[in-house]
Amino acid sequence: MKFLLQYLKPYKYRIALGIMIKFTGTYMELLIPLLLSHIIDNIVPLKSTRDILLWGVFMIAASIAALLLNILANCMASKVAMLVSKKLRSDTFKKVLNLSCAQLDDISIPSAISRLTSDTYELHKFIGLAQRKGARAPFLLIVGLIITFYLDWHLALVLFSVLPVLASIIFFVYSKGIPLFKESRRAGDEMVLSVRENITGARVIKALSKKDYENSKFQNVNKNVRDKNYRAELIMSATGPTMSWFLNMGMAMVLLAGAFLVNSQKSTSGSIIAFLSYFTIILNALMAITRIFVRYSKALAAASRIKEVLDKQPQIIKEQTEDKSSPYHLEFNNVSFSYEKSSPNIENISFALKRGETLGIIGETGCGKTTIINLLLRFYDADSGEIMIDGKNIRGFEPKELRQKFGTVFQNDFLYSNSIRENISFGRNIDEKAIMNAAKMAQAKEFIDNMPDGINHQLSIRGNNLSGGQKQRVLLSRAFAKNPEILILDDSSSALDYKTDAMVRKEIRENFSQTTKIIIAQRITSIMDSDLILVLENGKNVGLGTHSQLLKSCKIYKDIYDVQIGEGSEKLDA
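Attention here is on the structure that accompanies the text. Keep in mind it's a predicted model, so treat the numbers as computed, not measured.

## Some details on the overall build of the protein chain
So, step 1. Of the regular secondary structure elements, the protein chain holds 21 helices and 10 strands.
So, step 2. Evaluated residue by residue, the protein chain yields a buried proportion of 46% over its 574 residues.
So, step 3. Considering only intrachain contacts with a sequence separation of at least 6, the fraction spanning at least 24 residues in the protein chain is 77%.
So, step 4. For the protein chain, the accessible area works out to roughly 29,600 Å², and carbon and sulfur atoms hold 57% of it.

Rendered as structure tokens:
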């Protein structure tokens, strides 16, 4: 929890002022039983209505002051909790965005979501409670105990006999609660993953009539969360009643001892009534301290998960590299990589492209096509080999500088709930002319113009109010809009008909002649005009050359050609 102090530090004066106000309000509360005792023992025997009313007004004034001061302090505490949690969420979100893909894989996306939402909210609740009760409860406890000794030390000793038992209960809650709440958080991550997968795949689940199957799976996950929460909350829920029982036993002993003291004239009725009032105050203070420890146990589990993210150091950073003179714009030199650091996902991949040339990549699913793109964009660092742009190792670029060179359409790209304009611009301040020109090149302008609001038409989440082909054309528009130095299209035409696909390829040839292009495709027609074609199988280069060369030298490429085109080559002209 130490890291939380740096988030609280900017608000230290506000926190200090709030605590002072809280102390003042608490002091007013503590004054009320003393005033009551004074009225009963000293004012009532005088039988002066005026004095009784006057001291009654003092009690009312003290209670009103306590009320207003506590409300003000609580509002200030809530404000600080809100500001700190806002900053904490912001920093955690920025850190998540800056993590390498490998680091994000290690945390998992559902866990990252959980840490950004439920964990930060848990800290929000703790920060607010700690300010409201953290200063007030110990102050009430300590001052209350001092006053009870002042009122009657015999009764105070009876009260003190209960405190060691209560301290043991608090220690037990602290030692047992934290590990249980950590387990509960991990179970919550699994539930977020399950919900995320089912919501994302809702259409497939319905289409395959697997609602009952998925519901059964979710019930198992949900039961695990329930069981973990139950174990954690069981200890916490037993804490309050247990402490109340011991405190009530203490109160019974105080009442019994007080009765004997009053009967023997060693104490007064006013002192006993005041003592019982302070006993109630002490009881509430101890219960508040218990709630703080319960909340602290939850907050500590949440804080350790957030700190794990915040402590991660960037893996993808600029490195010192040696520039080389090269005639090529883009090079892969014997590049190998494995996600799990066991068997390689790609092995000894090499190719070189001059500026404006096109590389087509083809191969079966899972052969490493997208992995090449992940390494080129430096989402991951290659295990061995070099990736060069204009003779400079990509490790020598700042990650932001490197990625600004690219226009990309990923295999599983996304559209968000905003206008078509914003989905194309994507916060890059692209002017209207460039956006419309990109839409025209991507063959998207026609259907955009037919939308009710044109380029300002609002898309639903994930662009679900567009067809598959329309989505891909908006994504292509996004990639084209910034006139990138390197254009990457990863299976970006799978939902396009042959005619539209051919028109998009024609626009790319005419408008991106100085842009180096990498096209990953399942259709051989999408890459057959490339300057260089790379054929992959099980992460290995099994063919590299032009279309005509590969037809003669690469059996796998020839088989793909025969299956897709064969004797019906007239499709190529369609």
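On we go from here.
## Concerning unusual backbone geometry
So, step 1. Positive phi values are uncommon outside glycine, yet Asn429 reaches one of about 55 degrees.
So, step 2. The topology assignment puts Asn429 in the loop between α14 (420–425) and α15 (432–441).
So, step 3. Take Asn429: its relative accessible area is 76%, and that puts it in the exposed class.
So, step 4. Unlike most non-glycine residues, Gln443 shows phi in positive territory, near 60 degrees.
So, step 5. Note that Gln443 resides in the loop between α15 and α16 (445–449).

## Some details on helix α6 (residues 136–151)
So, step 1. The end-to-end C-alpha distance of α6, which contains 16 residues, comes to 22 Å, matching closely the 22 Å that a straight helix rising 1.5 Å per residue would cover.
So, step 2. When α6 is considered as a whole, its buried residues turn out to be Arg136, Ala137, Leu140, Leu141, Gly144, Leu145, Ile147, Thr148 and Leu151.

## Considering empty space enclosed by the protein
So, step 1. Following the criterion strictly, the structure yields 3 cavities of 30 Å³ or more and no others.
So, step 2. There is about 80 Å³ of room inside the largest cavity.
So, step 3. Taken together, 14 residues line the largest cavity, and the ones lying closest to its centre are Leu489, Ser492, Ser493, Asp501 and Arg505.
So, step 4. For the lining of the largest cavity, the secondary-structure elements that each account for two or more residues are α18 (498–511) and β8 (516–520).
So, step 5. If one sorts the elements of the lining of the largest cavity by residue count, α18 sits on top with 4 residues.
So, step 6. For the lining of the largest cavity, the class distribution of residues is 8 nonpolar, 3 polar and 3 charged.
So, step 7. Empty space within the second largest cavity amounts to approximately 70 Å³.
So, step 8. Considering the residues around the second largest cavity, the lining is formed by Leu375, Arg378, Tyr380, Asp381, Ala382, Gly385, Glu386, Ile387, Asn393, Ile394 and Arg395.
So, step 9. At 3 residues, strand β4 (residues 384–389) tops the list of elements feeding residues into the lining of the second largest cavity.
So, step 10. Counted by class, the lining of the second largest cavity contains 5 nonpolar, 2 polar and 4 charged residues.

## Let's talk about the side chain of Thr516
So, step 1. You can see Thr516 is positioned in strand β8.
So, step 2. For Thr516, the side chain forms a polar contact with the side chain of His329, separated by 2.5 Å.
So, step 3. Only 3.2 Å separates the side chain of Thr516 from the backbone nitrogen of Gly356, close enough to count as a polar contact.
So, step 4. Setting aside residues up to four positions removed in sequence, Thr516 forms contacts with His329, Leu330, Leu353, Lys354, Arg355, Gly356, Glu357, Glu485, Ile486 and Leu487.

## Here we look at the layout of surface pockets
So, step 1. Roughly 2,700 Å³ of internal volume is contained in the largest pocket.
So, step 2. In terms of lining residues, the largest pocket is bounded by 48 residues, among which Leu97, Cys101, Phe379, Phe410 and Phe414 are the most central.
So, step 3. When residues of the lining of the largest pocket are traced back to their parent elements, those giving at least two are α3 (49–98), α4 (101–107), α5 (109–133), α8 (163–200), α12 (369–376), α13 (399–403), β6 (406–409) and α17 (468–480).
So, step 4. When its residues are assigned to classes, the lining of the largest pocket shows 25 nonpolar, 11 polar and 12 charged.

## So, the packing of aromatic side chains
So, step 1. Inspection of every chain in the model, using the stated rule, returns 13 aromatic pairs.
So, step 2. Geometrically, the ring pair formed by Phe337 and Tyr380 is tilted, given 5.5 Å between the ring centres and 50 degrees between the ring planes. One end of the pair, Phe337, is in strand β1 (residues 330–337); the other, Tyr380, is in the loop between α12 and β4, and 43 residues separate them in sequence.
So, step 3. Their ring planes at 85 degrees and their centres at 5.1 Å tell us that Tyr339 and Tyr380 sit as a pair that is edge-to-face. Note that Tyr339 is positioned in the loop between β1 and β2 (346–353) and Tyr380 in the loop between α12 and β4, a separation of 41 residues in sequence.
So, step 4. According to the relative accessible area criterion, Tyr339 is partly exposed, its value standing at 29%.

So, how was this worked out
Residues numbered from 1 in each chain as written. Predicted model: local features only at pLDDT ≥ 70, side-chain atom pairs only at ≥ 80, totals over all residues. Heavy atoms only, no water. Helix = DSSP H or I, 4+ residues; strand = E, 2+ residues; numbered from the N terminus. Buried < 20%, exposed > 50% of the residue type's maximum accessible area, 1.4 Å probe, protein only. Contact = heavy atoms within 4.5 Å. Areas by Shrake-Rupley, 256 points an atom, 1.4 Å probe, with all protein chains shown as cover. Expected span 1.5 Å × (residues − 1). 1 Å grid on protein atoms, 1.4 Å probe; cavity = no way out; pocket = protein on both sides within 12 Å on 5 of 7 lines; lining within 4 Å. Points joined across faces, edges and corners; volume = space filled by probe spheres on them. Nonpolar A, V, L, I, M, F, W, Y, C, P; charged D, E, K, R; others polar. Polar contact = N/O pair within 3.5 Å; in protein donor to acceptor, adjacent residues only side chain to side chain. Phe/Tyr/Trp six-rings, centres within 6.5 Å; stacked < 30°, edge-to-face > 60°.

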